[in-house]
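# A look at the structure
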Amino acid sequence: GIQVEQSPPDLILQEGANSTLRCNFSDSVNNLQWFHQNPWGQLINLFYIPSGTKQNGRLSATTVATERYSLLYISSSQTTDSGVYFCAKLGGGKLIFGQGTELSVKP
Amino acid sequence: SQTIHQWPATLVQPVGSPLSLECTVEGTSNPNLYWYRQAAGRGLQLLFYSVGIGQISSEVPQNLSASRPQDRQFILSSKKLLLSDSGFYLCAWSVGELYEQYFGPGTRLTVT
């Protein structure tokens, strides 16, 4: 079946540091999304990025569909960036989620 | 703009009791609707999805069922809850199968 793998599983940063989260998938992609799950459980849409690069403020994402991976960049991290980051790929009409990267940003 | 609502926000139910969770979407017509569950840990799993009124597809055989009585209403039910039904239930919508999905605030269910 379609697999989505995220790395690292956990990440601790000092406020102001930059980070890169990776998402590998086992099959071709026609829909890839990045989410941030806040401490209250809400899944916030960050990017819809089946290919190419997008930027939104301090966050940017790149998907290289031919090599089956996507990267999420967080620059100048803030404590409010803490939480779990998920990538999810559409397969068979449903989103298949990775296991997430839990980010903790320390003041 | 589109908005998705879920209620209740939290629920504590005894084993064997019934369940009804509701999800409604505003600001769009004929959305695709989805129920996901996030168990302890992180993984999210699709439970049901619907492309229209009365059309439900089940992804995982289980103790739960779903219904779509109206275009923008999606209900998750159980006749008798099990301990293993505990988790965080999220409803989502999209304009079509290949398009971006948006999630509601979720319902945290604890079965005791």
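One structure accompanies this document, and this report is about it. Note on numbering: residues in each chain are counted from 1, in written sequence order. Each chain takes a letter, starting from A, and each ligand takes a number, starting from 1, following the order in which they are written. For a predicted model such as this one, the threshold for reporting local features is a pLDDT of at least 70, and the threshold for listing and counting side-chain atom pairs is 80 or more; totals across whole chains, interfaces and linings nevertheless cover every residue. The basis for the side-chain values is all heavy atoms of the structure; hydrogens and waters are excluded.

### A few points about the overall build of chain A
Strands are runs of DSSP state E lasting at least two residues, helices are runs of H or I lasting at least four, and both sets are numbered from the N terminus onward. Within chain A, the secondary structure is distributed over zero helices and eleven strands. The globule rule used for comparison is 2.2 Å times the number of residues to the exponent 0.38, while the radius of gyration itself is calculated over C-alpha atoms. In terms of C-alpha radius of gyration, chain A reaches 13 Å, essentially the compact-globule figure of 13 Å for 107 residues. Type-normalised accessible area, obtained with a 1.4 Å probe on protein chains alone, sets the label of each residue: buried when under 20%, exposed when over 50%, and partly exposed for intermediate values. Sorting the 107 residues of chain A into buried and exposed places 50% on the buried side. In chain A, the proportion of contacts linking residues at least 24 apart, taken out of those at least 6 apart, comes to 53%. Here the open area of atoms and residues is found with the Shrake-Rupley method and a 1.4 Å probe, where only the protein chains shown may cover a residue. Summing over all exposed atoms, chain A offers an accessible surface of approximately 4,900 Å²; the carbon and sulfur share of this is 48%. Counted as positive: Lys and Arg. Counted as negative: Asp and Glu, with His and the chain ends omitted from the count. Throughout, a charge is located at the NZ atom of Lys, the CZ atom of Arg, the CG atom of Asp or the CD atom of Glu. Taking the 7 positively charged and 7 negatively charged side chains of chain A as two groups, their mean positions are separated by 7 Å. For this analysis, residues touch if any pair of their heavy atoms sits within 4.5 Å.

### Thoughts on the sheet that holds strand β8 (residues 69–74) of chain A
Strand pairs in the sheet, formed through backbone hydrogen bonds, run parallel or antiparallel to each other. Residue and element names in this part refer to chain A. Taking strand neighbours across the sheet as the criterion, the five strands line up as β1-β3-β8-β7-β6 in an open arrangement whose pairing is antiparallel. Of all the strands in the sheet, the pair left with one neighbour each is β1 (4–7) and β6 (52–56). Averaged over all neighbouring strand pairs, the angle between strand axes comes to 15 degrees, with direction disregarded. By the bridge criterion, four bridges tie β1 to strand β3 (residues 19–25) in an arrangement that is antiparallel. If you follow Q6 over to β3, its bridge partner there is C23. In short, DSSP must find at least two bridges between two strands for them to pair. Angles shown run from 0 to 180 degrees and are taken between the N-to-C directions of axes, each axis being a line fitted to C-alpha atoms and, for helices, limited to the stretch in contact.

### What about the layout of surface pockets?
Of the pockets and cavities examined, the largest pocket occupies roughly 190 Å³. Cavities and pockets were defined on a 1 Å grid built over protein atoms only: a cavity is a set of grid points that admits a 1.4 Å probe from which the probe cannot escape, a pocket is an open set flanked by protein on both sides within 12 Å along at least five of seven lines, and lining residues are those with an atom within 4 Å of any such point. Taken together, A:K94, A:L95, A:I96, A:F97, A:Q99, B:Y36, B:G43, B:L44, B:Q45, B:L46, B:E59 and B:V60 form the lining of the largest pocket. Listed by contribution, the elements that provide at least two residues to the lining of the largest pocket are β10 (94–97) of chain A together with β5 (44–52) of chain B. Ranked by the residues each element gives to the lining of the largest pocket, the list is headed by β10(A), at four residues. Each residue is assigned to one class: nonpolar for Ala, Val, Leu, Ile, Met, Phe, Trp, Tyr, Cys and Pro, charged for Asp, Glu, Lys and Arg, and polar for all the others, Gly among them. Residue classes in the lining of the largest pocket are distributed as seven nonpolar, three polar and two charged. Grid points are joined across faces, edges and corners, and a volume is the space filled by probe spheres set on the points. Estimated volume of the second largest pocket: approximately 150 Å³. The wall of the second largest pocket is formed by 13 residues, among which B:Q38, B:A39, B:G41, B:F88 and B:R108 lie closest to the centre.

### Quick notes on the pairing of β3(A)
Two faces make up the sheet, and in a regular strand the side chains alternate between them. Residues and elements named next belong to chain A. Here β3 shows a buried face lined by S19, L21, C23 and F25 and an unburied face lined by T20, R22 and N24. Sheet analysis places β3 next to β8, joined by six bridges and oriented antiparallel. Looking at β8, one finds that S19 is bridged to I74.

### Considerations on unusual backbone geometry
Comment: phi is negative for the bulk of residues other than glycine, and the bulk of peptide bonds are trans. For the bond running from A:S7 to A:P8, omega is -10 degrees, close enough to zero to count as cis. Along the chain, the position of A:P8 falls in the loop between β1 and β2 (10–14). A cis amide bond links B:W7 with the next residue in sequence, B:P8, at an omega value of 0 degrees. Examined against the element boundaries, B:P8 turns out to sit in the loop between β1 (3–7) and β2 (10–13). A positive phi angle, close to 60 degrees, is found at A:R68, a residue other than glycine.

### A word on the state of the cysteines
Two cysteines whose sulfur atoms are joined by a covalent bond form what is called a disulfide. When the sulfur atoms of two cysteines come within 2.5 Å, that pair is taken as a disulfide. Taken as a whole and assessed by the stated rule, the structure comprises two disulfides over all chains. Across a sulfur-sulfur distance of 2.0 Å, A:C23 and A:C87 are joined as a disulfide pair. Since a negative S-S torsion denotes a left-handed disulfide, the A:C23-A:C87 link at about 75 degrees is right-handed. Of this pair, A:C23 sits in strand β3 while A:C87 is found in strand β9 (residues 83–91), placing the two residues 64 residues apart along the sequence. Accessibility assignment for this pair places A:C23 and A:C87 in one class, buried. Bridging B:C23 to B:C91, the disulfide has an S-S length of 2.0 Å. Negative torsions about the S-S bond denote left-handed disulfides, and the value of about -75 degrees found for B:C23 with B:C91 makes this one left-handed. Of the two residues, B:C23 is situated in strand β3 (residues 19–26) and B:C91 in strand β9 (residues 87–94); the sequence distance between them amounts to 68 residues. In this pair, the class of B:C23 matches that of B:C91, namely buried.

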